[in-house]
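Single-letter residue listing:
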Amino acid sequence: MHALSWTFSAASLPHRCRLEQESEDTIYWLPTRPEELSIADCKSNDPHHPQDNHCLYNSCILNGTKECPYGYVYNFDEIKNSAINRWEIVCDRHFLKSFIQSMYYVGQLIGAIVFGSLGDRLGRKKIVFTAMILEIVCGFALAFSPHWSLFAIARIGVGMAHPESLSSMNFFVVIGMELVGPFGRRYGSLISGGFFSLGHMLLACIAYFVRDYVYLQLVLAIPAICFLSYWWLLPESPRWLVSQRRYKEADKILRCAAKINKTTIPDDWWQQIDNQVENKE
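Residues numbered from 1 in each chain as written. Predicted model: local features only at pLDDT ≥ 70, side-chain atom pairs only at ≥ 80, totals over all residues. Heavy atoms only, no water.

A complete count under the given rule lists two disulfides for this structure. Here C17 connects covalently by a disulfide to C68, the sulfurs 1.8 Å from one another. Highlighted residues: C17 in strand 1 (residues 15–17) and C68 in the loop between strand 3 (56–57) and strand 4 (72–74), separated in sequence by 51 residues. Of the two residues, C17 and C68, neither departs from the other in class, the shared state being buried. Here C60 pairs with C91 through a disulfide, and the sulfurs are 1.9 Å apart. Of note, the bridge from C60 to C91 carries an S-S torsion of about -95 degrees and is left-handed in sense. With C60 in the loop between strand 3 and strand 4 and C91 in the loop between helix 2 (83–86) and helix 3 (95–122), this residue pair connects regions lying 31 residues apart in the sequence. (Disulfide = S-S within 2.5 Å. Helix = DSSP H or I, 4+ residues; strand = E, 2+ residues; numbered from the N terminus. Buried < 20%, exposed > 50% of the residue type's maximum accessible area, 1.4 Å probe, protein only.)

Okay, unusual backbone geometry next. Phi angles above zero are rare outside glycine, and N63 is one such case at about 55 degrees. Turning to its location among the elements, N63 is positioned in the loop between strand 3 and strand 4. Judged by relative accessible area, N63 falls into the exposed class, the value being 55%. Its identity as a non-glycine residue notwithstanding, E88 has a phi of 50 degrees, on the positive side. For E88, the position within the fold is in the loop between helix 2 and helix 3.

Take the UniProt feature "transmembrane region" (unreviewed entry) in the protein chain next. Per the UniProt record, "transmembrane region" (unreviewed entry) is annotated on residues 102–120, 127–145, 190–209 and 215–234. Annotated as residues 190–209, this span is 100% helix and 0% strand, and its ends, taken at the C-alpha atoms, are 30 Å apart. Strand forms 0% of residues 215–234 and helix 35%; the C-alpha atoms that close the span are 30 Å apart. (UniProt positions renumbered as here; feature names shortened; annotations may be inferred.)

Moving on to the layout of surface pockets. Of the volumes computed, that of the second largest pocket is approximately 410 Å³. Looking at which element gives the most residues to the lining of the second largest pocket, the answer is helix 10 (residues 247–260), with four residues. Residues that form the lining of the second largest pocket fall into these classes: 10 nonpolar, three polar and two charged. (1 Å grid on protein atoms, 1.4 Å probe; cavity = no way out; pocket = protein on both sides within 12 Å on 5 of 7 lines; lining within 4 Å. Points joined across faces, edges and corners; volume = space filled by probe spheres on them. Nonpolar A, V, L, I, M, F, W, Y, C, P; charged D, E, K, R; others polar.)

Encoded structure:
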């Protein structure tokens, strides 16, 4: 869900330049339009009362110039709190919105390089839970970051950990594929992809009701804690154990799987594998 969460955390807010005499608690709409402000996209015959005619002020223009020296006033009619108003990612700072989102994909690139190689060396399971802890920590950091730069760094961490990258938590899928035979892999891959799409649809529903980006990030971060319990449920990949010649550990997992599937495996199956490898060499 974090992949698209920035879309809702940085929901665009109608805004206008703050007037010199206005205080911090000033609301967006004014009883009458002052001369310093202009109207954007208004088809009303009475532009002096924009609120009554559903018009919006020009967002970055004050006294005919594209400067807002006194800050901005936001319209919170639909969004209660957005990263846009917290860090004033508007007007000449609007580029920060795209920059912060791009940090997520920078994290995916780093995760693919780092976690991909570590997964082959240290095992799938360890990398899965390392990525999970990273996601939890960075998920909470997204909610409580006091500055946009720290938020961007947390987005990198979430990108490193996320399953749509070719590493890290994608090893959840890898373990699943390595636990089933060739026939079952197509269905396992399809099911995992289906839950990925379902999560994004669920995100839209959650964001509809949670209009404060801080609470939205917490809603996304807290459930990940529950998945730490998988440490006692998720076995290491038998294929990886075999590749490391850790046959006893792989044998224990495979015999448990064979029992569930009401079948048997040879007692010396690893010797057969070693013989095949020696013959190829």
